[in-house]
Amino acid sequence: MSENRLHSRRAFVRNVAAGAGALAMFRGIGLIAARVSGPSTVKAIFVDFTRCTGCRTCETVCSSVNNRVNVAGTVMNGLGNPERSNIRVWHYNPDVDVPVTCFLCDDAPCIQACPIEQDPRTGRRALYRDPDLHTIKCDYDRCIGCGSCADACAATRGGIIAQNRGTGKPERICTLCGGDPACVRYCPYGALSFREYDLGDDLRNRTPDQIAESLIRLFYETESITL
């Protein structure tokens, strides 16, 4: 493939990304979502794959904000170890970078897989949905560390949820940072945004491998695209 041909394809993708054309799924994939106004609308983190460089800044700031430490009585952001981040950048060859975190799936297979009986008062299992932000939360006092949620996530969404190697309890579940995602605020290339979209345009519930396959086909293989 000549350099000019590759450049022209990248330029085409950037032009499509600037609009609201039929290739919206490549303009942005809803990675994580929060209910904001009604049953048909969510607020989600989107990624513009034409801007993402795979720099992993999102991993560092996510880990720092969500793993705060107490130093001499002062609570501050943690060290930002990417290993403890809730968002992960998956790298593929040919060169494609796919930032992903908990998709907050509508069907929530992780919650369905939790074997803990529902609390008679709250109706919650050990894993449950936050009513305000729509995030997935874990009641660590009730969680038995069985790994059923991680297994369900791996079987349906590629394995976003992970088990803590010491306790077996779930990790890497997005918190949305209380409604102001740090990964969006600190992305140096503007690849991430936090905005509303209609659930009728279902851009979620795809595994990282599926997203990467579509992007590789678009960036490197597609000769022509009909809008």
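Residues numbered from 1 in each chain as written. Predicted model: local features only at pLDDT ≥ 70, side-chain atom pairs only at ≥ 80, totals over all residues. Heavy atoms only, no water.

Can you lay out the overall build of the protein for me, pointing to particular residues and giving the numbers?
Helix and strand counts for the protein come out as seven helices and eleven strands. For the protein, restricting intrachain contacts to residue pairs at least 6 apart in sequence, the fraction spanning at least 24 positions comes to 62%. A total of about 11900 Å² of accessible surface is found on the protein, and carbon and sulfur atoms cover 47% of it. (Helix = DSSP H or I, 4+ residues; strand = E, 2+ residues; numbered from the N terminus. Contact = heavy atoms within 4.5 Å. Areas by Shrake-Rupley, 256 points an atom, 1.4 Å probe, with all protein chains shown as cover.)

Could you give me a rundown of the layout of surface pockets, with the residues and numbers involved?
Of the pockets and cavities examined, the largest pocket occupies roughly 530 Å³. Forming the walls of the largest pocket are 24 residues, and the residues nearest its centre are Asn86, Tyr140, Pro170, Glu171 and Arg172. Contributions of two or more residues to the lining of the largest pocket are made by strand 8 (136-138) and strand 10 (170-171). Among the elements that make up the lining of the largest pocket, the one with the highest residue count is strand 8 (three residues). (1 Å grid on protein atoms, 1.4 Å probe; cavity = no way out; pocket = protein on both sides within 12 Å on 5 of 7 lines; lining within 4 Å. Points joined across faces, edges and corners; volume = space filled by probe spheres on them.)

Describe the pattern of salt bridges, and please don't skip the residues or the numbers.
The full count for this structure, using the stated rule, is eight salt bridges. In this structure, Asp107 and Arg157 form a salt bridge, with 3.0 Å as the shortest nitrogen-oxygen distance. Placement of the pair is Asp107 in the loop between strand 6 (96-100) and helix 4 (109-113) and Arg157 in helix 5 (residues 148-157), with a sequence separation of 50 residues. Its relative accessible area of 39% is what places Asp107 among the partly exposed residues. Between Asp180 and Arg185 there is a salt bridge, and its shortest N-O distance comes to 3.1 Å. (Salt bridge = Lys/Arg side-chain N within 4 Å of Asp/Glu carboxyl O. Buried < 20%, exposed > 50% of the residue type's maximum accessible area, 1.4 Å probe, protein only.)

Account for the side chain of Thr101, naming residues and giving values.
Looking at where Thr101 falls in the secondary structure, it is placed in the loop between strand 6 and helix 4. Judged by its relative accessible area of 3%, Thr101 is buried. Reaching out from Thr101, the side chain makes a polar contact with the backbone oxygen of Asn86 at a distance of 2.3 Å. (Polar contact = N/O pair within 3.5 Å; in protein donor to acceptor, adjacent residues only side chain to side chain.)

Quick one: what's the story with the pairing of strand 5 (residues 88-92), residue by residue and with numbers?
Bridge count for strand 5 against strand 6 is five bridges, and the pairing is antiparallel. Counted as the bridge partner of Arg88 is Val100 from strand 6. What sits between the antiparallel neighbours strand 5 and strand 6 is a turn of three residues. (Pairing = 2+ DSSP bridges.)

Explain the pairing of strand 6 residue by residue, including any values.
The element strand 6 is largely enclosed, with a buried count of five among its five residues. Side chains Val96, Val98 and Val100 project from strand 6 onto one buried face, and the interleaved Asp97 and Pro99 project onto a second face that is buried too.

I'd like a description of unusual backbone geometry, backed by residues and values.
With an omega of 5 degrees, the peptide bond between Asn93 and Pro94 qualifies as cis. With respect to the helices, strands and loops of the structure, Pro94 is situated in the loop between strand 5 and strand 6. If you check the backbone angles, Ala108 has positive phi at about 40 degrees while not being a glycine. Looking at where Ala108 falls in the secondary structure, it is placed in the loop between strand 6 and helix 4. Its identity as a non-glycine residue notwithstanding, Cys177 has a phi of 50 degrees, on the positive side. Mapping Cys177 onto the fold places it in the loop between strand 10 and helix 6 (182-186).

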